[in-house]
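Listed here are the chains, written in short residue letters.
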Amino acid sequence: MENYDSIRLNWEEKGSGEPLVLLHGNGEDTSYFVNQMDWFAARGYRVLAVDTRGHGKSPRGTAPFVFETFARDLREFLDRQGLTKVHLLGFSDGGNIAITFALAYPRYLKSLILDGANLDPSGMAPSFQRPVVWAYRAAKFKARFFSWARPKVELLNLIVNHPNIPAERLSAITAPTLVLAGTQDIILEEHTRLIHRSIPGSLLKILPGDHFIAAKESEAFNTAVLDFLGSAGAKEES
């Protein structure tokens, strides 16, 4: 990637065992997974929650603020940790990073969990997308005069103009995959089902709740993920 600069991502870690890497959503940080860290650590996983570039305590750097950059950052992070096979769980924009990563660096994946991910902006409910578009336009105008508005423009740009992943590309994903969403998610259910149908052999779980089921419905979310991780491990060993 042109203009790519290596940075060191911030992360939080709990437990030991098989590595489970958690990727948060737009504008968030590792604290989103407060209800997952200890829970999965207590069940035999080495849980690593990572701050995306320009989020939390991870530096912004100078590379383009796009999912391809974030995927390369994650690959470098795994290499520094000596991790060659991981369970990767991505929420929202973290799910979009996880899809991008799975397509670019498949050899690192033991399994893939996508929570509230989307392939393009049309996958989001118009009632959510419209206000974000207006906020993006307002932030772009302010950024012409005020430097403090520029980070907001970058974050909103990820929602308004990205990602752009053709559904047919998902057929290349071979890792065991769980596709998750809430019944009242900002991601349209048909779009979530499209992701599920496009990934060979993937499982689908639509859980009661909104976009933030990992935080608000953590017991149901964690149980669904743990059941999948057990079946993914058995599938790999068989």
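Residues numbered from 1 in each chain as written. Predicted model: local features only at pLDDT ≥ 70, side-chain atom pairs only at ≥ 80, totals over all residues. Heavy atoms only, no water.

K.L.:
Mind laying out the sheet that holds strand 3 (residues 45-50), listing which residues take part and the relevant values?
P.N.:
Sheets are built from strands that pair by backbone hydrogen bonding, the pairs being arranged parallel or antiparallel. Spatially, seven strands are ordered 1-3-2-4-5-6-7 in an open sheet, and the strand pairing comes out mixed. Every interior strand has two partners, whereas the edge strands, strand 1 (11-14) and strand 7 (203-207), have only one. Taking the axes of each pair of neighbouring strands and ignoring which way they run, one obtains an average angle of 15° across the sheet. As defined by bridge partners, strand 2 (residues 18-23) adjoins strand 4 (residues 86-91) across four bridges and the pair is classed as parallel. Each residue of the ladder has a partner; that of Leu22, found in strand 4, is Leu89. The strands touched by helix 2 (residues 67-81) within the sheet are strand 1, strand 2, strand 3 and strand 4, with strand 3 carrying the most contacts at an inclination of about 140°. (Pairing = 2+ DSSP bridges. Helix = DSSP H or I, 4+ residues; strand = E, 2+ residues; numbered from the N terminus. Axes fitted to C-alpha atoms, helices over the stretch in contact; angles between N-to-C directions. Contact = heavy atoms within 4.5 Å.)

K.L.:
Give me the lowdown on a nonpolar patch on the surface, citing residues and values where you can.
P.N.:
Side chains of Phe141, Phe145, Phe146 and Trp148 sit close together on the surface and give an oily, nonpolar patch of about 500 Å² of accessible area. Within the element layout of this structure, Phe141 appears in helix 4 (residues 126-143). (Patch = residues over 30% accessible without salt bridge, like charges linked within 9 Å, V, L, I, M, F, W, Y side chains within 5 Å. Areas by Shrake-Rupley, 256 points an atom, 1.4 Å probe, with all protein chains shown as cover. Salt bridge = Lys/Arg side-chain N within 4 Å of Asp/Glu carboxyl O.)

K.L.:
Mind laying out the layout of surface pockets, listing which residues take part and the relevant values?
P.N.:
Within this model, the largest pocket holds a volume of roughly 190 Å³. Lining the largest pocket are 17 residues; nearest its centre among them are Asn26, Ser92, Phe128, Ile186 and His211. Residue classes in the lining of the largest pocket are distributed as eight nonpolar, seven polar and two charged. (1 Å grid on protein atoms, 1.4 Å probe; cavity = no way out; pocket = protein on both sides within 12 Å on 5 of 7 lines; lining within 4 Å. Points joined across faces, edges and corners; volume = space filled by probe spheres on them. Nonpolar A, V, L, I, M, F, W, Y, C, P; charged D, E, K, R; others polar.)

K.L.:
Residue-level account of the packing of helix 4 against helix 5 (residues 150-160), with values.
P.N.:
The geometry of helix 4 relative to helix 5 is characterised by a closest axis approach of 9 Å and an angle of 150° between their N-to-C directions. For the pair helix 4 and helix 5, the sense of crossing is left-handed. Judged by residue contacts, Phe128, Gln129, Val132, Val133, Ala135, Tyr136, Ala139, Lys140 and Ala143 of helix 4 engage Arg150, Lys152, Val153, Leu156, Asn157, Ile159 and Val160 from helix 5. Here the residues of the contact of helix 4 with helix 5 sort into eleven nonpolar, two polar and three charged. (Left-handed = near helix turned anticlockwise from the far one by under 90°.)

K.L.:
Explain the pattern of salt bridges to me, and be specific about the residues and the numbers.
P.N.:
Tallying each qualifying case throughout the model produces eleven salt bridges. The partner of Asp73 in a salt bridge is Arg53, with the nearest N and O atoms 2.8 Å apart. Here the residue Asp73 occupies a position in helix 2, and Arg53 occupies one in the loop between strand 3 and helix 2, the gap between them amounting to 20 residues. Arg53 gets classed as buried once you look at its relative accessible area, which sits at 0%. Linking Arg193 and Glu189 is a salt bridge whose minimum nitrogen-to-oxygen distance equals 2.9 Å. Note that Arg193 and Glu189 are positioned in helix 6 (residues 189-198) at a spacing of four residues, about one turn of the helix. When its relative accessible area of 33% is taken as the criterion, Arg193 is described as partly exposed. A network of salt bridges, in which partner residues are shared, links Asp5, Arg53 and Asp73. (Buried < 20%, exposed > 50% of the residue type's maximum accessible area, 1.4 Å probe, protein only.)

K.L.:
Lay out empty space enclosed by the protein in plain terms, naming residues and giving numbers.
P.N.:
Counted under the stated rule, the structure contains two cavities of 30 Å³ or more. In terms of lining, the largest cavity is formed by Leu9, Leu23, Val50, Asp51, Thr52, Arg53, Phe70, Asp73, Leu74 and Ile97. Looking at which element gives the most residues to the lining of the largest cavity, the answer is helix 2, with three residues. Class assignment of the residues belonging to the lining of the largest cavity gives a composition of six nonpolar, one polar and three charged. His24, Gly25, Asn26, Thr52, His55, Phe70, Asp93, Ile97 and Leu158 together form the lining of the second largest cavity. In terms of residue class, the lining of the second largest cavity is built from three nonpolar, five polar and one charged.

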